[in-house]
Amino acid sequence: MNKDQFRGKVDQLKCQIKEATDKLYGNQRLENEGKAQNAAGDIQEKVGNIKEDIKKGP
């Protein structure tokens, strides 16, 4: 696992925490931040996956 994959997973975890907090308190701002952070985490993880694939070669 490279740093991009790790950071992507961390962002996804932060998203899950924000979404759980939103459900608990009904905070729309946190829900929106969580969704954006989840998307960013997904992208960063995919970048990391691509880097790993390139590193491994054909």
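Just so you know, these numbers come straight off a predicted model, no measurement behind them.

Enquirer: Give a detailed account of helix H2 (residues 28–56), specifying residues and quantitative values.
Expert: Because the α-helix completes a turn every 3.6 residues, residues three or four places apart line up on one side. The end-to-end C-alpha distance of H2 is 42 Å, a good match for the 42 Å that 29 residues give at a rise of 1.5 Å each. All of the buried residues in H2 are Leu30, Glu31, Gly34, Gln37, Gly41, Glu45, Gly48 and Glu52. In this structure, the buried side of H2 is in contact with helix H1 (3–25). Where H2 begins, the capping side chain belongs to Asn27, and its oxygen is found 3.0 Å from the backbone nitrogen of Arg29. Directly beyond the C-terminal end of H2, a positive phi value near 80° is found at Gly57.

Enquirer: Describe the environment of Arg29, naming the residues involved and giving the relevant values.
Expert: Mapped onto the fold, Arg29 is located in helix H2. Between the C-alpha atom of Arg29 and that of Arg7, which follows or precedes it by 22 residues, the distance is 22 Å. At 2.5 Å, the side chain of Arg29 forms a polar contact with the side chain of Glu33.

Enquirer: Which residues make up H1, and what values go with them?
Expert: Under the 1.5 Å per step criterion, the end-to-end length of H1 is 33 Å for 23 residues, consistent within 8% with the ideal 33 Å. Within H1 the residues assigned to the buried category are Asp4, Gln5, Gly8, Asp11, Gln12, Cys15 and Asp22. On its buried side, H1 packs onto H2. The N-capping residue of H1, defined by a side-chain oxygen 3.1 Å from the backbone nitrogen of Asp4, is Asn2. Within two residues after H1, Gly26 carries a phi angle of roughly 70°, on the positive side.

About the criteria used
Residues numbered from 1 in each chain as written. Predicted model: local features only at pLDDT ≥ 70, side-chain atom pairs only at ≥ 80, totals over all residues. Heavy atoms only, no water. Helix = DSSP H or I, 4+ residues; strand = E, 2+ residues; numbered from the N terminus. Expected span 1.5 Å × (residues − 1). Buried < 20%, exposed > 50% of the residue type's maximum accessible area, 1.4 Å probe, protein only. Contact = heavy atoms within 4.5 Å. Polar contact = N/O pair within 3.5 Å; in protein donor to acceptor, adjacent residues only side chain to side chain.

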